[in-house]
There are 2 protein chains.
Amino acid sequence: MHALDQALQLKPSGDAQLGHFVGQPHPAWANFIGPFGGITAAQMLQAVLLHPRCLGEPTTLTVNFCAAVADAPFRIDATPMRTNRSTQHWLITLSQADEVVITATAVTAVRRETWSGQNAPLPADLTPPEHVAAPDPRLTPPMAWLKQYELLPLVGYFPQWNGEESPDSLTRMWVRLREPRQLDALALTGICDVFFPRVFLRRATAVPAGTVSMTIYFHADAAELAAVGTDYLLCQAQGQRFKNGFFDQSALIWGRSGALLASTHQVVYYKS
Amino acid sequence: MHALDQALQLKPSGDAQLGHFVGQPHPAWANFIGPFGGITAAQMLQAVLLHPRCLGEPTTLTVNFCAAVADAPFRIDATPMRTNRSTQHWLITLSQADEVVITATAVTAVRRETWSGQNAPLPADLTPPEHVAAPDPRLTPPMAWLKQYELLPLVGYFPQWNGEESPDSLTRMWVRLREPRQLDALALTGICDVFFPRVFLRRATAVPAGTVSMTIYFHADAAELAAVGTDYLLCQAQGQRFKNGFFDQSALIWGRSGALLASTHQVVYYKS
């Protein structure tokens with residue numbers, strides 16, 4: 001079983017209709033402290049998708065990282081707070097030792113074909129992933145979760161820690177799971193958190209930093225994601241303002257064909 | 001009392017420590033159906049700020065619009081889900097007739113001075129608000145809440161409903177409360193929802209549309225917002241992808257000095 005699917009194994013606890021699940025952090029997704037935020041976000045979404053009353057497909061997900069997830073079993077409770085004809089609003093919490101560690105809200109929806117369009121084009125003149133060299137492994141930190149992805153940087157990869165501040169905080173890279181697996185909303189959720197903290201790039205130094213809140217807007221349905229298959233995604237992130245311990249990052253994830261699959265935003269705590 | 005502050009009058013209900021409040025929609029903020037989303041978002045945040053245990057200032061707010069708020073009293077419950085040394089995570093619900101109508105999460109934080117920077121500059125060559133003509137009132141829909149704001153369009157104001165689709169969905173406008181009031185996080189929250197649905201601009205026709213989920217990242221603290229006073233804000237919004245009934249909007253709100261005060265994103269339902 002793929003390491004992503006291993007991490008997404010949640011077991012129903014008690015009455016399945018109540019949306020209680022148990023799971024645990026997976027060593028393949030370990031970060032410097034606690035698990036990779038993208039896998040935690042995917043686990044929160046997984047609880048919604050496993051709920052017997054789930055209506056439709058993921059449309060939005062907001063995950064708030066209240067504290068570090070400990071390396072121990074956790075409980076996820078997914079509750080449909082309001083079910084309309086074609087949309088459903090979810091509250092999800094992850095708890096350990098009776099303390100809330102993560103909160104999340106999600107909207108799932110049954111979507112029907114409508115007029116469609118796009119105003120966020122794939123950047124022009126991208127070097128295809130087949131022609132991008134893998135980065136020098138000495139530039140990639142040693143966290144386990146990073147080994148799950150193939151990251152091919154085009155612009156703004158990890159800084160060289162030479163203390164030369166960058167005026168810019170833009171990163172563009174081709175990304176896919178290193179071990180091939182079909183794209184779906186869960187895999188896409190992980191990829192939405194694949195960017196290192198923008199403050200590292202600005203300051204060219206590693207300062208303590210961690211995502212506080214992350215939002216994903218899913219634009220593609222299961223069929224459109226399945227059509228991407230195991231291909232690379234173009235992932236772009238940009239910091240907007242860094243102020244007194246928090247910065248925001250705005251990111252876009254495209255398929256190679258140019259379709260915007262997800263927009264994702266986060267606020268990140270940093271110390272300096 | 002300013003119409004904004006009138007709408008933000010929430011009364012504690014029962015034990016103040018429990019964060020239960022009652023309030024009601026205010027006619028000055030009525031939208032086509034139900035109240036303006038920006039005032040509802042501000043009411044959700046107000047419940048956090050009025051909570052006796054509130055720690056620090058607003059850093060993030062995500063509001064999910066599960067159903068239309070009826071023109072009747074409502075109850076707001078604000079619960080601190082996790083309180084850390086300098087951050088606090090909130091769950092907020094608005095209910096009517098024992099049904100959840102709005103859910104929200106927020107993070108408040110005590111922020112300390114750190115290295116700061118910005119990568120989202122104020123657009124260049126802006127015509128100052130003093131030289132921008134007020135729009136033809138025939139182009140502005142008649143909803144009550146719109147009268148609360150002075151909107152001075154630079155780019156992409158309301159379409160003329162002539163059926164000429166626009167390839168673009170960018171709006172830039174100077175905005176302030178028509179009746180002067182000092183800027184704070186609550187007033188800024190309302191302004192974050194001031195943009196009409198991007199799909200109107202693309203299609204040059206009014207289709208049913210409504211915000212499903214909205215996120216605000218607050219970059220400025222109370223002192224920085226107070227320094228803006230009653231001046232105009234430069235508000236910019238752009239649609240990114242419109243697909244099968246939902247589109248996302250990414251927006252930025254600057255003070256005239258160029259400081260990014262908030263980034264705000266939303267997903268909007270549309271029918272077409």
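Next up on the list: the overall build of chain A. Within chain A, the secondary structure is distributed over 5 helices and 13 strands. Its C-alpha radius of gyration of 18 Å places chain A within 12% of the 19 Å reference for a compact globule of 272 residues. Overall, the C-alpha framework of chain A stretches about 55 × 45 × 35 Å when taken along its three principal axes. In chain A, which comprises 272 residues, the proportion classed as buried is 61%. Nonlocal contacts in chain A, meaning residues at least 24 apart in sequence, comprise 70% of its contacts between residues at least 6 apart.

With that settled, consider the environment of Arg202 of chain A. Take Arg202 of chain A: it is sitting in helix H4 (residues 198-203). Arg202 of chain A gets classed as buried once you look at its relative accessible area, which sits at 9%. The spatial distance from the C-alpha of Arg202 of chain A to the C-alpha of Pro167 of chain A is 6.2 Å, given a sequence separation of 35 residues. Discounting residues that sit within four places of it in the chain, Arg202 of chain A has contacts with Glu165, Ser166, Pro167, Asp168, Ser169 and Phe242 of chain A together with Trp115, Gly117, Gln118 and Asn119 of chain B.

Residues and elements named next belong to chain B. As enumerated under the stated definition, the model contains 0 disulfides over all chains in all. The cysteine Cys235 is free of any disulfide, with Cys192 supplying the nearest cysteine sulfur at 7.7 Å. By relative accessible area, Cys235 is classed as buried at 0%.

For the pair of chain copies, the relating transformation is a rotation about an axis with a translation along it. Superposing chain B onto chain A takes a rotation of 180° combined with a translation of 0.0 Å along the rotation axis, leaving an RMSD of 0.0 Å. Look at the turn and shift together and you get a two-fold axis relating the two.

To continue, consider the pattern of salt bridges. Residues and elements named next belong to chain A. Within the structure shown, the criterion is met by 20 salt bridges over all chains. A salt bridge links Asp77 to Arg75; the shortest N-O distance between them is 2.9 Å. Judged by its relative accessible area of 14%, Asp77 is buried. Where salt bridges share partners, they join Asp5, Arg181 and Asp184 into one cluster.

Right, let's get into the interface of chain B and chain A. The interface is formed by 66 residues belonging to chain B together with 66 residues belonging to chain A. Interface area, chain B with chain A, both sides summed: about 5500 Å², of which 53% is carbon and sulfur. Of all residues in chain B, Trp115, Asn119 and Arg241 of chain B give up the largest surface area on contact with chain A, accounting jointly for 15% of the area buried on that side. In this structure, the connection of chain B to chain A is made through 6 salt bridges. As a salt-bridge pair, Arg241 of chain A and Glu224 of chain B come within 2.9 Å of each other at their nearest N and O atoms. Linking chain B to chain A there are 48 residue pairs in polar contact (both at pLDDT 80 or more). The element best represented in the side of chain B that touches chain A is strand S6 (residues 99-109) of chain B, accounting for 7 residues. In terms of residue class, the side of chain B that touches chain A is made up of 23 nonpolar, 29 polar and 14 charged. Bridging between strand S11 (residues 233-243) of chain A and strand S7 (residues 117-118) of chain B involves 2 bridges; their strand directions are antiparallel. Bridge pairing in S7 of chain B places Phe242 of chain A opposite Gly117 of chain B.

Now for the pairing of strand S9 (residues 170-177) of chain B. All names here are of chain B. Extensive coverage of S9 is indicated by the burial of 6 of its 8 residues. Pairing geometry for S9 and strand S11 (residues 233-243), over 6 bridges, is antiparallel. Residue pairing in the sheet places Trp174 in a bridge with Leu234 of S11.

To continue, consider the side chain of Gln43 of chain B. Residue and element names in this part refer to chain B. You can see Gln43 is positioned in helix H2 (residues 37-50). Taking relative accessible area as the criterion, Gln43 reaches 3% and is therefore assigned buried. Not counting residues within four places of it along the chain, the set of residues in contact with Gln43 comprises Ala7, Leu8, Leu10, Gln24, Phe74 and Ile76.

Quick look at the packing of aromatic side chains now. A ring pair, where both rings are aromatic, is described by two values, the distance of the centres and the angle of the planes. Taken as a whole, this structure holds 22 aromatic pairs over all chains when the rule is applied. Summarising the aromatic geometry, the rings of Phe36 of chain B and Trp145 of chain B are spaced 4.0 Å apart at their centres and angled 10° between planes, so their arrangement reads as stacked. Separated by 109 residues along the polypeptide, Phe36 of chain B in the loop between strand S2 (20-23) and H2 and Trp145 of chain B in the loop between S7 and strand S8 (149-155) bring together distant segments of the chain. Between Phe36 of chain B and Tyr149 of chain B the ring centres are 6.1 Å apart and the planes differ by 70°, which places this aromatic pair in the edge-to-face class. With a gap of 113 residues between them, Phe36 of chain B in the loop between S2 and H2 and Tyr149 of chain B in strand S8 connect regions that are remote in the sequence. By relative accessible area, which is 1% here, Phe36 of chain B ends up buried. A residue is classified by how much of its surface remains accessible, and Tyr149 of chain B, at 1% relative accessible area, is buried. Following the ring pairs from residue to residue traces out a cluster consisting of Trp29, Phe36, Trp145 and Tyr149 of chain A. Stacked on the ring of Phe196 of chain A, the Lys or Arg Arg198 of chain A has its end atom at 4.7 Å from the ring centre. Lying across the ring of Trp174 of chain A, Arg256 of chain A places its NZ or CZ 5.9 Å from the centre.

Residue and element names in this part refer to chain B. Of all the 11 residues making up S6, 10 are buried; the element is thus mostly covered by neighbouring parts of the structure. The pairing of strand S5 (residues 87-96) with S6 spans 10 bridges and is classified as antiparallel. Among the inter-strand pairings, Leu94 is bridged to a residue of S6, identified as Ile102.

So, on to H2 of chain B. Residues and elements named next belong to chain B. The end-to-end C-alpha separation of H2 is 20 Å, in line with the 20 Å expected for 14 residues at 1.5 Å each. H2 sits mainly inside the fold: 12 of its 14 residues count as buried. Three or more residues of H2 are buried, namely Gly37, Gly38, Ile39, Thr40, Ala41, Ala42, Gln43, Met44, Leu45, Gln46, Ala47 and Val48.

Take unusual backbone geometry next. A negative phi angle characterises most non-glycine residues, just as the trans form characterises most peptide bonds. The backbone phi angle of Asn244 of chain A is positive, close to 45°, even though this residue is not glycine. When you line up the elements, Asn244 of chain A lands in the loop between S11 and strand S12 (246-255).

Time to look at the environment of Met143 of chain B. All names here are of chain B. Counting through the fold element by element, Met143 comes out in the loop between S7 and S8. Residue class for Met143 comes out buried when judged on its relative accessible area of 19%. When the C-alpha atoms of Met143 and Ser257 are compared, they prove to be 31 Å apart, with 114 residues separating the residues in sequence. For Met143, the residues in contact, after removing those within four places along its chain, are Ala30, Asn31 and Phe32.

About the thresholds
- Residues numbered from 1 in each chain as written.
- Chains lettered and ligands numbered in written order.
- Predicted model: local features only at pLDDT ≥ 70, side-chain atom pairs only at ≥ 80, totals over all residues.
- Heavy atoms only, no water.
- Helix = DSSP H or I, 4+ residues; strand = E, 2+ residues; numbered from the N terminus.
- Rg over C-alpha atoms; globule rule 2.2 N^0.38 Å.
- Buried < 20%, exposed > 50% of the residue type's maximum accessible area, 1.4 Å probe, protein only.
- Contact = heavy atoms within 4.5 Å.
- Disulfide = S-S within 2.5 Å.
- Least-squares fit on C-alpha atoms with pLDDT ≥ 70 in both.
- Salt bridge = Lys/Arg side-chain N within 4 Å of Asp/Glu carboxyl O.
- Buried area = accessible area lost by both parts, 1.4 Å probe.
- Polar contact = N/O pair within 3.5 Å; in protein donor to acceptor, adjacent residues only side chain to side chain.
- Nonpolar A, V, L, I, M, F, W, Y, C, P; charged D, E, K, R; others polar.
- Pairing = 2+ DSSP bridges.
- Phe/Tyr/Trp six-rings, centres within 6.5 Å; stacked < 30°, edge-to-face > 60°.
- Lys NZ or Arg CZ within 6 Å of the ring centre and 35° of its normal.
- Expected span 1.5 Å × (residues − 1).

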